[in-house]
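# What the coordinates show
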Amino acid sequence: MKVICLQENLKTNLNIVQNIIGRNLTLPILNNLLLETEGGRLKISSTNLEIGINTWTTGKVETTGAITCPAKILASFVSSLPNKKVELEAKNNVLTVRCEGYKATIKCLSAEDYPIIPKLKEDPLAIGEIRTFRDGLSQVAGLAAISESRPEITGVFFGFEKYDLRLAATDSFRLGEKIVARIQKKNSDIASFILPQRTAQELIRVFGEREGELKIVMGSSQIMFEGGDVQVVSRLIEGQYPPYQQIIPKSLGTQIALSKDELVNNIRVA
């Protein structure tokens, strides 16, 4: 494999995929990133067996192939390089990285042993705008519980209507609900699912600076969020989300209108 691409683009995509990687002693290959050529671009993937992330970097593919490289080492080295062309060449399980006066050789592992990240080819469940989805998700994701006895409330509830998406999260003490507009439902057979909180937090981070169209594709037990040249694939939480809407008051006895910033500041002072 031999690929030439810009340092800035490579650095951005490495930072996206490496965040879900921790130190794994039982399966060392999970500490690596999968680098492979696909469709004339460099595809970079990572997985922790719960979440999988794919990104595509444009560049010049001189030789096709695939290899897995230690994530932290590669990302750290590439971030230190100048914003010039970077050449990646893999041969005999060794990756050589070259960039205008810099060179590194990194011992790697074969791509054949890397876990398969599911490819969901079904029609989109829903399509919407990245910004409105990201902003809505960030308002409720932090409210999910950390509970082994009630796994269904450890995630974020996604409830689809025709043109809106209802997001909810609770730890049984606090409850947050956000209706995200302009998320158009495409599949009438699926009404809702529960997304793990860790995946929700990754989606907020990955799509933090991105704009454009977001596609949500659902498989048998996985979900994929695709926006531009990034895909996030995750497992879903099994179970039935509690009927939280029953505890939301239908009518209000007292209403107060006041400045949000002033209220937040006074709570912080108190």
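In this text, all values refer to a predicted model and were calculated from it rather than measured experimentally.

The next thing to look at is unusual backbone geometry. At Asn93, a residue that is not glycine, the phi angle is positive and equals roughly 60°. Here Asn93 is to be found in the loop between strand 7 (85–91) and strand 8 (94–99). One non-glycine residue, Glu100, lies in positive phi territory at about 30°. Here Glu100 is to be found in the loop between strand 8 and strand 9 (102–107). Judged by relative accessible area, which is 57%, Glu100 ranks as exposed.

The subject of this paragraph is the pattern of salt bridges. Inspection of the entire model under this criterion finds 17 salt bridges. Between Lys43 and Glu38 there is a salt bridge, and its shortest N-O distance comes to 3.6 Å. The salt bridge involving Arg235 is made with Glu50; its shortest N-O contact spans 2.2 Å. Placement of the pair is Arg235 in strand 18 (residues 230–235) and Glu50 in the loop between strand 3 (41–47) and strand 4 (51–57), with a sequence separation of 185 residues. Judged by relative accessible area, Arg235 falls into the partly exposed class, the value being 34%. Judged by relative accessible area, which is 39%, Glu50 ranks as partly exposed.

Pairing within the open sheet is antiparallel, and its five strands lie in the order 5-1-7-8-9. In this open sheet, the two strands that pair with only one neighbour each are strand 5 (60–63) and strand 9. The average undirected angle you get between the axes of adjacent strands in this sheet is 15°. Two elements, strand 8 and strand 9, share six bridges in a ladder whose sense is antiparallel.

What follows concerns the nonpolar core. Residues Leu35, Leu95, Phe158, Phe193 and Phe225 are the most contacted members of the largest nonpolar core, which totals 63 residues. The element best represented in this core is helix 2 (residues 71–79), accounting for five residues. Beyond its immediate chain neighbours, meaning those up to four positions away, Phe158 contacts Phe133, Leu137, Leu165, Arg166, Leu167, Ala191, Ser192, Phe193, Leu195 and Phe225. Grouped together as the second largest cluster of nonpolar side chains are six residues, Phe157, Ala168, Tyr241 and Tyr244 included.

Attention now moves to the sheet that holds strand 15 (residues 192–196). The strand order across the open sheet formed by four strands is 13-12-11-15, and the pairing between neighbours is antiparallel. Bordering the open sheet on either side are strand 13 (175–181) and strand 15, each of which pairs with just one other strand. Here the average twist between neighbouring strands, direction ignored, is 20°. Relative to strand 13, strand 12 (residues 164–170) runs antiparallel, the two sharing seven bridges. Residue pairing across strands places Leu167 opposite Lys178, the latter belonging to strand 13. Of the strands in this sheet, strand 11 (155–160), strand 12 and strand 13 are in contact with helix 3 (residues 130–140), which crosses strand 13 at around 175°. Packing of helix 4 (residues 197–206) onto the sheet brings it into contact with strand 11 and strand 15, and relative to strand 15 it is tilted by some 80°.

Cut-offs used in this document
Residues numbered from 1 in each chain as written. Predicted model: local features only at pLDDT ≥ 70, side-chain atom pairs only at ≥ 80, totals over all residues. Heavy atoms only, no water. Helix = DSSP H or I, 4+ residues; strand = E, 2+ residues; numbered from the N terminus. Buried < 20%, exposed > 50% of the residue type's maximum accessible area, 1.4 Å probe, protein only. Salt bridge = Lys/Arg side-chain N within 4 Å of Asp/Glu carboxyl O. Pairing = 2+ DSSP bridges. Axes fitted to C-alpha atoms, helices over the stretch in contact; angles between N-to-C directions. Core = buried A, V, L, I, M, F, W, Y, C linked by side-chain atoms within 4.5 Å. Contact = heavy atoms within 4.5 Å.

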